[in-house]
Amino acid sequence: MNIEKISIVIPVYNEEKNLEKLFERLVPVMDDLKREYEIVLVDDGSRDRSLEILLNHADKRIKIVELTKNYGQHAAIFAGF
């Protein structure tokens, strides 16, 4: 049986207060699935510490895309794809 990798794309804009909780909750759930996965977080030009926090979590499963300015949620999701 061929099981595909799961990709989750999340746009981020000024979410520094919520990101640690996101990682605390999402990563264990994904690990429990026992499937290959990636989480792609797209910083949409945040002006707070969101990008710094995201970069601290980057690893082989967590990928970060940085947009140079705020393009909006739809553009951020598209950039993640």
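This is a predicted model, so every value here is computed, not measured.

Colleague: How do you make sense of unusual backbone geometry when you look at a structure like this?
Modeller: Peptide bonds are trans in most cases, and residues, glycine excluded, mostly fall at negative phi. The phi dihedral of Asn14 is positive, around 50 degrees, even though this residue is not glycine. On the accessibility criterion, Asn14 (31% relative accessible area) is partly exposed. The backbone of Lys34 sits at a positive phi, close to 60 degrees, despite the residue not being glycine. You can see Lys34 is positioned in the loop between α1 (16–32) and β2 (37–44).

Colleague: Explain the sheet that holds strand β1 (residues 6–12) here, please?
Modeller: Strand pairing within a sheet occurs via backbone hydrogen bonds; the two strands may be parallel or antiparallel. Pairing within the open sheet is parallel, and its 3 strands lie in the order β1-β2-β3. What marks the edges here is a single partner per strand, and that holds for β1 and β3 (62–67). Each neighbouring strand pair of the sheet contributes to a mean axis angle of 20 degrees, computed without reference to strand direction. Pairing of β2 with β3 involves 6 bridges; the strand directions are parallel. Paired with Val42 across the two strands is Val65, which belongs to β3. Here helix α2 (residues 50–57) sits on the sheet and contacts β1, β2 and β3; the angle it forms with β3, its principal contact strand, is near 150 degrees. Packing against the sheet, helix α3 (residues 73–80) makes contact with β1, β2 and β3, and its axis sits at approximately 140 degrees to β2.

Colleague: What should I look at first to understand the environment of Asn18 in this one?
Modeller: Relative to the assigned elements, Asn18 resides in helix α1. Accessibility expressed as a relative area gives 45% for Asn18, which makes it partly exposed. When the C-alpha atoms of Asn18 and Leu55 are compared, they prove to be 15 Å apart, with 37 residues separating the residues in sequence.

Colleague: I keep staring at α2 and nothing clicks. Help me out?
Modeller: Because each turn of an α-helix spans 3.6 residues, side chains separated by three or four positions in sequence point in the same direction. Ser50, Leu51, Ile53 and Leu54 are the residues of α2 that are buried. When α2 is viewed along its axis, its buried side chains cluster within an angular range of 160 degrees and face the same direction. Lining the buried residues of α2 we find β1, α1, β2 and β3.

Rules and cut-offs
Residues numbered from 1 in each chain as written. Predicted model: local features only at pLDDT ≥ 70, side-chain atom pairs only at ≥ 80, totals over all residues. Heavy atoms only, no water. Buried < 20%, exposed > 50% of the residue type's maximum accessible area, 1.4 Å probe, protein only. Helix = DSSP H or I, 4+ residues; strand = E, 2+ residues; numbered from the N terminus. Pairing = 2+ DSSP bridges. Axes fitted to C-alpha atoms, helices over the stretch in contact; angles between N-to-C directions. Contact = heavy atoms within 4.5 Å. Arc of directions from axis to C-beta.

All we've got here are geometric facts, nothing functional implied.
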